[in-house]
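Overview (structure and organization)
The lines below spell out each chain.
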Amino acid sequence: MHIHEAYSLCQQYHYRYVQITTKDGRVYDGFIADVDRENVTLAIPIGKEEEKLRGKSMKGADYRQFGFFGRRRFRRRVLPLALLSSLFLLPFFGGGVPYGGYPYYY
């Protein structure tokens, strides 16, 4: 993938959930948080297993404040646009209710 093509695709899919494959074969999936002429920044969701490895538990303030689902955490990964091999738009099922206006009608 040419660098100009990668830049325009990243601009088009900004804030969307994508899967990026690099030229060395690594695969990343996350939200495109930022893009410039040289790099793309992904916000990669951290899974429950990774939170347990980092010593975070679902009990405590987050559990009381946000209920059963908890708060979603992300880590950032900066990738050079020249390293991108492919970019694919993925469906995102975030577990929330899509916002369609005010919840109560008067």
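Scroll up to find the structure.
Description of the structure in this document. (Residues numbered from 1 in each chain as written. Predicted model: local features only at pLDDT ≥ 70, side-chain atom pairs only at ≥ 80, totals over all residues. Heavy atoms only, no water.)

Turning our eyes to something else, we now look at the overall build of the chain. The number of helices and strands found in the chain is three helices and five strands. Along its sequence from the N terminus, the chain presents helices and strands in the succession α-β-β-β-α-α-β-β. The proportion of buried residues among the 106 residues of the chain is 26%. Of the contacts formed within the chain by residues at least 6 apart in sequence, a portion of 60% connects residues at least 24 apart. On the chain, roughly 8,100 Å² of surface is accessible, and the fraction owed to carbon and sulfur atoms is 55%. (Helix = DSSP H or I, 4+ residues; strand = E, 2+ residues; numbered from the N terminus. Buried < 20%, exposed > 50% of the residue type's maximum accessible area, 1.4 Å probe, protein only. Contact = heavy atoms within 4.5 Å. Areas by Shrake-Rupley, 256 points an atom, 1.4 Å probe, with all protein chains shown as cover.)

Bringing the nonpolar core into the picture now. With 17 residues, the main nonpolar core has C10, I20, I32, V40, L42 and L84 as its most contacted residues. Among the elements of the structure, α1 (3–12), β1 (17–22), β2 (27–35), β3 (39–45) and β5 (84–89) are those that each provide at least two residues to this core. For this core, the leading source of residues is α1, giving four residues. Beyond its immediate sequence surroundings of up to four residues, I32 is in contact with C10, Y13, H14, Y15, R16, V18, V40, T41, L42 and L87. (Core = buried A, V, L, I, M, F, W, Y, C linked by side-chain atoms within 4.5 Å.)

This next bit is on the packing of aromatic side chains. Per the counting criterion, the structure on display carries two aromatic pairs. For the ring pair Y17 and F31, a centre distance of 5.0 Å and an interplane angle of 50° mean the geometry is tilted. Here Y17, found in strand β1, pairs with F31, found in strand β2; they are 14 residues apart in sequence, far enough to count as distant. According to the relative accessible area criterion, Y17 is buried, its value standing at 14%. Taking the centre distance of 5.9 Å and the plane angle of 75° together, the rings of F31 and F74 count as edge-to-face. Separated by 43 residues along the polypeptide, F31 in strand β2 and F74 in strand β4 (residues 74–80) bring together distant segments of the chain. The rings of Y17, F31 and F74 are connected pair by pair, giving a single aromatic cluster. (Phe/Tyr/Trp six-rings, centres within 6.5 Å; stacked < 30°, edge-to-face > 60°.)

With that settled, consider the side chain of T22. Assignment of secondary structure puts T22 in strand β1. In this structure the side chain of T22 is engaged in a polar contact, spanning 2.3 Å, whose partner is the side chain of D24. Dropping the residues within four chain positions of it, T22 is found in contact with Y28, L83, L84 and S85. (Polar contact = N/O pair within 3.5 Å; in protein donor to acceptor, adjacent residues only side chain to side chain.)

What is shown is where atoms sit, not what they do.
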